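# Remarks on the overall topology
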Amino acid sequence: MSDNFKAIVINQEGENFSREIKEINKAFLGEGDVLVKIDFSDLNFKDALILNNGGKLVREFPRIPGIDFSGKVVESNSDKFNKDDDVILTGCRVGEVYHGGYSQYAKVKKEFLVKTPKGISNKEAMILGTAGFTSMLCAFAIKAREEILLGDKVNDVLVTGATGGVGSIAVMVLSKLGYNVTAVTGKVDQADTLKKLGASSIIDRKEFEGEPKLLGKSIWDGVVDTVGGNILAHAISQTKHSGIVAACGNAGGIKLNTNIMPFILRGVKLWGIDSIAVGMKRREFVWSQVNNLIDFNILNETVKVVSMNELLELFPKMLKGQLSGRIVVDVNK
Ligand SMILES: NC(=O)c1ccc[n+]([C@@H]2O[C@H](COP(=O)([O-])OP(=O)(O)OC[C@H]3O[C@@H](n4cnc5c(N)ncnc54)[C@H](OP(=O)(O)O)[C@@H]3O)[C@@H](O)[C@H]2O)c1
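All values derive from a computational prediction rather than experimental measurement.

A few words now on the domain arrangement of the chain. Considered domain by domain, the chain is made up of domain 1 (4-116 + 295-330) and domain 2 (132-272). Relative placement of domain 1 and domain 2: their C-alpha centres are 29 Å apart. Contacts between the two partners involve 13 residues from domain 1, matched on the other side by 14 residues from domain 2. Between domain 1 and domain 2 lies a buried interface of about 1,000 Å² when both sides are counted; carbon and sulfur atoms form 64% of it. When the buried surface of domain 1 facing domain 2 is broken down by residue, Ile-298, Leu-299 and Ser-324 rank first, second and third, together holding 34% of it. Joining domain 1 to domain 2, the criterion identifies one salt bridge. Across the pair Lys-196 and Glu-301 runs a salt bridge, and its minimum N-O distance is 3.0 Å.

On to the site of the ligand, then. Taken together, 27 residues surround the ligand, and among them Thr-163, Val-166, Thr-185, Ile-273 and Ser-275 come closest. Between Phe-45 and the ligand, the recorded distance is 3.1 Å, taken from a backbone N or O atom to an oxygen atom. Ser-275 is positioned such that a nitrogen or oxygen atom in its side chain is 2.7 Å from an oxygen atom of the ligand. For the ligand, the protein covers 87% of the area, taking 910 Å² as the surface of the free molecule. A domain-level breakdown of the shell around the ligand finds at least three residues from each of domain 1 (4-116 + 295-330) and domain 2 (132-272).

Relative orientation of the contacting elements helix H2 (residues 122-148) and helix H3 (residues 165-176) amounts to 50 degrees, with a least axis distance of 8 Å. As judged from the angle between their axes, H2 and H3 are oblique. The handedness of the crossing between H2 and H3 comes out as right-handed. Along the contact surface, H2 presents Ile-127, Leu-128, Ala-131, Gly-132, Thr-134, Ser-135, Met-136, Ala-139 and Ile-142, while H3 presents Gly-165, Val-166, Ile-169, Ala-170, Val-173 and Leu-174. Among the residues making up the contact of H2 with H3, the classes are represented as 11 nonpolar, four polar and no charged.

Leu-128, Val-171, Leu-174, Trp-287, Ile-294 and Leu-299 are the most contacted members of the largest nonpolar core, which totals 45 residues. At 11 residues, H2 tops the list of elements feeding residues into this core. When residues of this core are sorted by domain, at least three fall in each of domain 1 (4-116 + 295-330) and domain 2 (132-272). Counting residues in each nonpolar core, the second largest holds 30 residues, with Phe-69, Val-108, Val-306 and Met-308 among its members.

What follows is about the sheet that holds strand S13 (residues 269-272). One key point about sheets: their strands pair by backbone hydrogen bonds, in either a parallel or an antiparallel sense. One open sheet holds the six strands; their spatial order is S10-S9-S8-S11-S12-S13, and the pairing between them is parallel. Because the sheet does not close on itself, it has two edges, and the strands there are strand S10 (199-204) and S13. Across this sheet, the average inter-strand angle for adjacent strands is 20 degrees, counted without regard to direction. Here five bridges tie strand S11 (residues 220-225) to strand S12 (residues 239-247), and the two strands are oriented parallel to one another. Each residue of the ladder has a partner; that of Trp-220, found in S12, is Thr-239. Of the strands in this sheet, strand S8 (156-160), S11, S12 and S13 touch H2, which is tilted by about 150 degrees from S12. Contacting S8, strand S9 (180-185), S10 and S11, H3 crosses the sheet at an angle of about 165 degrees to S8.

Glancing now at the packing of aromatic side chains. Under the definition given, this model contains five aromatic pairs. Their ring planes at 85 degrees and their centres at 6.2 Å tell us that Phe-17 and Phe-61 sit as a pair that is edge-to-face. One end of the pair, Phe-17, is in strand S2 (residues 16-25); the other, Phe-61, is in the loop between helix H1 (45-53) and strand S4 (68-76), with 44 residues separating them in the sequence. Ring centres of Phe-133 and Trp-287 lie 6.2 Å apart, and the angle between their planes is 20 degrees; on these two criteria the pair is classed as stacked. Taken together, the residues Phe-133 in helix H2 and Trp-287 in helix H7 (residues 280-288) connect sequence positions 154 residues apart.

With that settled, consider the side chain of Asn-44. Relative to the helices and strands, Asn-44 is located in the loop between strand S3 (34-43) and H1. A distance of 3.2 Å separates a polar atom in the side chain of Asn-44 from a polar atom in the side chain of Asp-42. Each residue touching Asn-44, except ones within four places of it in the same chain, is listed here: Ile-67, Asp-68, Thr-130, Ala-131, Met-318 and Arg-326.

Our focus in this paragraph is the packing of H2 against H7. Look at H2 against H7: their axes get within 10 Å of each other, and the N-to-C directions meet at 105 degrees. Taken together, the axis directions place H2 and H7 in an arrangement best described as roughly perpendicular. Between H2 and H7, the residues in contact are Ala-125, Leu-128, Gly-129, Phe-133, Met-136, Leu-137 and Phe-140 and Arg-282, Arg-283, Phe-285, Val-286 and Trp-287, respectively. Classifying every residue of the contact of H2 with H7 by side-chain character gives nine nonpolar, one polar and two charged.

So, how was this worked out
Residues numbered from 1 in each chain as written. Predicted model: local features only at pLDDT ≥ 70, side-chain atom pairs only at ≥ 80, totals over all residues. Heavy atoms only, no water. Domains from an automatic or database assignment. Contact = heavy atoms within 4.5 Å. Buried area = accessible area lost by both parts, 1.4 Å probe. Salt bridge = Lys/Arg side-chain N within 4 Å of Asp/Glu carboxyl O. Near = heavy atom within 4 Å. Polar contact = N/O pair within 3.5 Å; in protein donor to acceptor, adjacent residues only side chain to side chain. Areas by Shrake-Rupley, 256 points an atom, 1.4 Å probe, with all protein chains shown as cover. Axes fitted to C-alpha atoms, helices over the stretch in contact; angles between N-to-C directions. Helix = DSSP H or I, 4+ residues; strand = E, 2+ residues; numbered from the N terminus. Parallel < 35°, antiparallel > 145°, perpendicular 65-115°, else oblique. Left-handed = near helix turned anticlockwise from the far one by under 90°. Nonpolar A, V, L, I, M, F, W, Y, C, P; charged D, E, K, R; others polar. Core = buried A, V, L, I, M, F, W, Y, C linked by side-chain atoms within 4.5 Å. Buried < 20%, exposed > 50% of the residue type's maximum accessible area, 1.4 Å probe, protein only. Pairing = 2+ DSSP bridges. Phe/Tyr/Trp six-rings, centres within 6.5 Å; stacked < 30°, edge-to-face > 60°.

Next up, the structure:
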């Protein structure tokens, strides 16, 4: 490998927070079992929080941010990974506690890596990234209703924050599972894109912003919520008997003002989703399902590829809810 390479480095000295693209060398990366030459990273909501001010997630500085990456193995101390293997890393607190993916190289623990499944490219792996991985975890949580209820079919599902990374991929995955998907969005002008992804109807987010009823009309067998707050409370109040609400996000706030009635009168299940502490068997299973559940020809239309420089200009828009679809970062651009 070349001695010096480029990475985004964030730093905190007293009150001063900085983020810049620096020339660094391998020694900066510290310890790890596998050295990876990174092809692509991506932008998730958590990345935007970290790039903004560390997001109270980064405790030690300087740090290379970027919670995901894909690339090729350069050196390996693990029997599982050989030179030139394509690999994916999502989450695992890389970019927070460990150096992350906004870099041309990364050195990480072998337990964090998954081999890129056959049939998908390293770019496609980052079109998904943590957002896609999480949306699949949410979709499988909803599908579990069919197993829990011994065959009762899931029909109608709701996705909130639908134009976001997790939301847009959840729309596609749920429709590929054969469900009738309704998308809640603040960007109703993007209805056509959401329909191409697989949504059959669109609800304006405004309808979900007021005070929810104790029990609303029962409509949804399953919900993927990426927003939290009143939007999640509305979704819970409209969930059918024994429905599953997969709650993974807080793009709209961390509070949840709900009541006990949907849970005791309708047996609604609120299922928290965490994409970090996921065992290797489950990780590999989720990635193995990508070929069945994702149509990259369609998803590609929602993707923008940016350089690390462009990323530093763009990320604040994510915190203001002004982005849609997925941002892929080409670290070699
Ligand atoms: N639990 C986990 O492991 C996990 C993993 C990944 C992500 N997450 C969380 O999931 C959420 C979504 O992540 P993402 O990467 O998909 O982010 P994203 O691309 O920014 O999407 C968030 C979407 O939420 C909606 N939104 C944004 N601000 C809002 C507000 N103030 N009120 C209501 N809706 C708002 C917008 O969609 P519309 O305009 O279409 O409404 C936006 O596109 C984040 O909270 C993230 O931290 C959690």
